[in-house]
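Now for the letters of each chain:
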Amino acid sequence: MSTETNTKNFIAELRWRGMLHDMTPGVEEQLQKEMTSGYIGFDPTADSLHVGNLFQIMILKNFQAAGHKPFVLVGGATGMIGDPSGKSAERNLLDEATLQHNVESQKKQLMQFLDFDCGANSAELVNNYDWFKDFKALDFLRDVGKHITVSYMMAKDSVQNRLETGISFTEFSYQLIQGYDFYWLNTRKNCKLQMGGSDQWGNIVTGTELIRRMAGGEAFALTSPLVTKADGTKFGKTESGTVWLDPKRTSPYKFYQFWLNASDTDAAKYIRVFTLLSREEIEAMEAEHNQAPHLRILQKELAKDVTTRVHNAEAYENAVETSEILFGKGTTESLQKLTSSDIESAFEGVPQFKISVDELKNGIPIADLLAVSSQVFPSKGETRKMIQGGGVRMNKEKVSDTEMMINSGQLINNRYLLVQKGKTNYYLIIVE
């Protein structure tokens, strides 16, 4: 396949996948002309990337697949300042040791997704701390600051949106520092394209302007749309918080469930953005999904693809098995196979009650357990009535005896009792 054919594909690929928002004139011509180096910056405010970052990682992955050279910039320097784009308030600044830890952690994650050893278009990882650590403030003001006017910087949306609530000089200077990153990569690494979310447009074009004014060079900008959810809630957030790529922060089970629970509208959008499936495969899958939406074909394929790539096949299979045990035809025996982490992450959002292990020492009648020690039912009478109607399960097994005694021998992992009221209401009793 010729370079020209390869390079044509990147913009076309972004377009049909819904990953292109805007670009400066000449981007397509530049990409068709030669293998081009381009970069995206990642902000090391945490020691893990999250699913929002995954959008930008997929852009770099498509960029490399089209024959271009991706640079990944981890902002060890800019992370000390804070990007005002999309923010309504000043954020807390991190100390150097924390930032360096975050940078190293993110580096390891990024190396999972891009090929750093494939010849001319191998990915490269850079840290802007390396060129800013010895850059004196007076030198920066003299050599860089004089090229961009205050009125130019003030006109940016990221600044305008913060004028009423207040923006420090620190955050105001961010676009100049990010602009210098692009200048450095352009003059040292021949990097001609910076990519990012649409909220980064102002910062990116400041970089193209610096390159033009300081080096007389030409550089390009390309942005992607911000990911949204059909229901208006923020993408990448659940009731329990951010969905992280690090399994210690978000378990593979919860990660899998995040994608599996996408609405039909969102799944159709996400499968284009977050997988590498071809257009033909996705369109065939969409047609199949539309014939039988209840089978959730798009959601299952999306969850499988992303969980396997971010974690691994074993983590995906365990997540599926856990889901089937908990929400399918699981048994007490199969529940015993789950780890405490699996159980607690699976039922993080359901009502939980804590009771003392002493209460189970001599056994406790089930009605007392569910209506007195915990508040699964409002009364013992209501508990017995529901049991008689066949609507109560304990550890996935139907309860038929209204006087059944519960003791510590029935605990899952010596710690949990899983109560199910009706078909969909779960309660977790934690014994301490």
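Preceding this paragraph is the structure being described.
Residues numbered from 1 in each chain as written. Predicted model: local features only at pLDDT ≥ 70, side-chain atom pairs only at ≥ 80, totals over all residues. Heavy atoms only, no water.

As for the overall build of the protein
To be explicit about the condition: Counting from the N terminus, the helices are DSSP H or I runs at least four residues long and the strands are E runs at least two residues long. Exposure is judged per residue with a 1.4 Å probe applied to protein chains only, and the accessible area is read against the type maximum: over 50% gives exposed, under 20% gives buried, and values in between give partly exposed. The contact rule is simple, with two residues in contact once any of their heavy atoms fall within 4.5 Å. We get accessible surface area from the Shrake-Rupley algorithm with a probe of 1.4 Å; when it comes to residues, only the shown protein chains can shield them.
Helix and strand content of the protein: 20 helices and 15 strands. On the principal axes, the C-alpha backbone points of the protein span a range of 85 × 50 × 40 Å. Counting the 432 residues in the protein, one finds 50% classified as buried. By sequence separation, contacts in the protein at least 24 residues apart represent 72% of the contacts at least 6 residues apart. Counting every atom, the protein has about 20,300 Å² of accessible surface; 49% of that belongs to carbon and sulfur.

Some points on the packing of aromatic side chains
Two aromatic rings are characterised by how far apart their centres lie and by the angle between their planes. Operational definition: Any two rings among Phe, Tyr and Trp, with Trp reduced to its six-membered ring, count as a pair given centres within 6.5 Å; such a pair is stacked if its planes are under 30 degrees apart, edge-to-face if over 60, and tilted if neither.
This structure, assessed with the given rule, holds 23 aromatic pairs. Ring centres 5.1 Å apart and planes at 75 degrees place the aromatic pair Phe10 and Phe63 in the edge-to-face group. Taken as a pair, Phe10 in helix H1 (residues 3-17) and Phe63 in helix H3 (residues 51-65) lie far apart in primary sequence, 53 residues in all. Here the two residues Phe10 and Phe63 agree in accessibility, since each one is buried. Grouped by ring-pair contacts, the aromatic residues Phe55, Phe235, Phe255, Phe258, Trp259, Tyr270 and Phe274 constitute a single cluster.

A look at the sheet that holds strand E15 (residues 425-431)
Cut-off, in case you're wondering: The criterion for strand pairing is that DSSP finds at least two bridges linking the strands in question. Every axis corresponds to a line fitted to the C-alpha atoms, with the helix fit spanning only the stretch in contact, and the corresponding angles, defined between N-to-C directions, vary from 0 to 180 degrees.
The sheet built from five strands is open, its strands ordered E9-E15-E14-E11-E12 with mixed pairing. Each edge of the sheet is formed by a strand with only one pairing partner; in this case those strands are strand E9 (352-355) and strand E12 (397-398). Where E9 meets E15, four bridges bridge the pair, whose relative direction is parallel. Across the sheet, Gln352 pairs through a bridge with Leu428, a residue of E15. Docked against the sheet, helix H19 (residues 366-373) engages E9, strand E11 (392-394), strand E14 (416-421) and E15, running at close to 100 degrees with respect to E11.

A few points about the packing of helix H10 (residues 174-189) against helix H11 (residues 201-215)
Here is the rule: Every angle not falling under 35 degrees, over 145, or within 65 to 115 is termed oblique; those three ranges are roughly parallel, roughly antiparallel and roughly perpendicular. Throughout, a crossing is termed right-handed when the near helix is turned clockwise from the far one, and left-handed when it is turned anticlockwise from it by less than a right angle. Residues were grouped as follows: Ala, Val, Leu, Ile, Met, Phe, Trp, Tyr, Cys and Pro as nonpolar; Asp, Glu, Lys and Arg as charged; and all remaining residues, including Gly, as polar.
Across the interface, H10 lies against H11 with an axial gap of 7 Å and an inter-helix angle of 55 degrees. When the axes of H10 and H11 are compared, the pair comes out oblique. The crossing of H10 and H11 is right-handed. Contacts between H10 and H11 involve Tyr174, Gln175, Leu176, Gln178, Gly179, Tyr180, Phe182, Tyr183, Asn186 and Thr187 on the former and, on the latter, Asn203, Ile204, Thr206, Gly207, Thr208, Leu210, Ile211, Met214 and Ala215. For the contact of H10 with H11, the class distribution of residues is ten nonpolar, nine polar and no charged.

Observations concerning helix H14 (residues 279-291)
Rules: Take the number of residues in a helix, subtract one, and multiply by 1.5 Å to get its expected span. What the arc describes is the spread of directions from the helix axis to the C-beta atoms.
Here H14 is 13 residues long and its end C-alpha atoms lie 19 Å apart, about the 18 Å a rise of 1.5 Å per residue gives. All of the buried residues in H14 are Ile282, Met285, Glu286 and His289. Within H14, the buried residues cover an arc of 105 degrees as seen down the axis, which keeps them to one side. The outward face of H14, more than 90 degrees from its buried face, is lined by the exposed residues Glu280 and Gln291.

Some details on the nonpolar core
Test applied: Grouping buried Ala, Val, Leu, Ile, Met, Phe, Trp, Tyr and Cys residues that are joined through side-chain atoms within 4.5 Å yields what is termed a nonpolar core.
Of all hydrophobic cores here, the largest spans 56 residues; its most connected members are Phe10, Leu54, Met195, Leu245, Trp259 and Phe274. Residue contributions to this core peak at eight residues, all from H3. Sequence-distant contacts of Leu54, defined by excluding residues within four places in its chain, comprise Phe113, Leu245, Trp259, Phe274, Val306 and Val310. Grouped together as the second largest cluster of nonpolar side chains are 25 residues, Tyr39, Trp131, Phe172 and Phe182 included.

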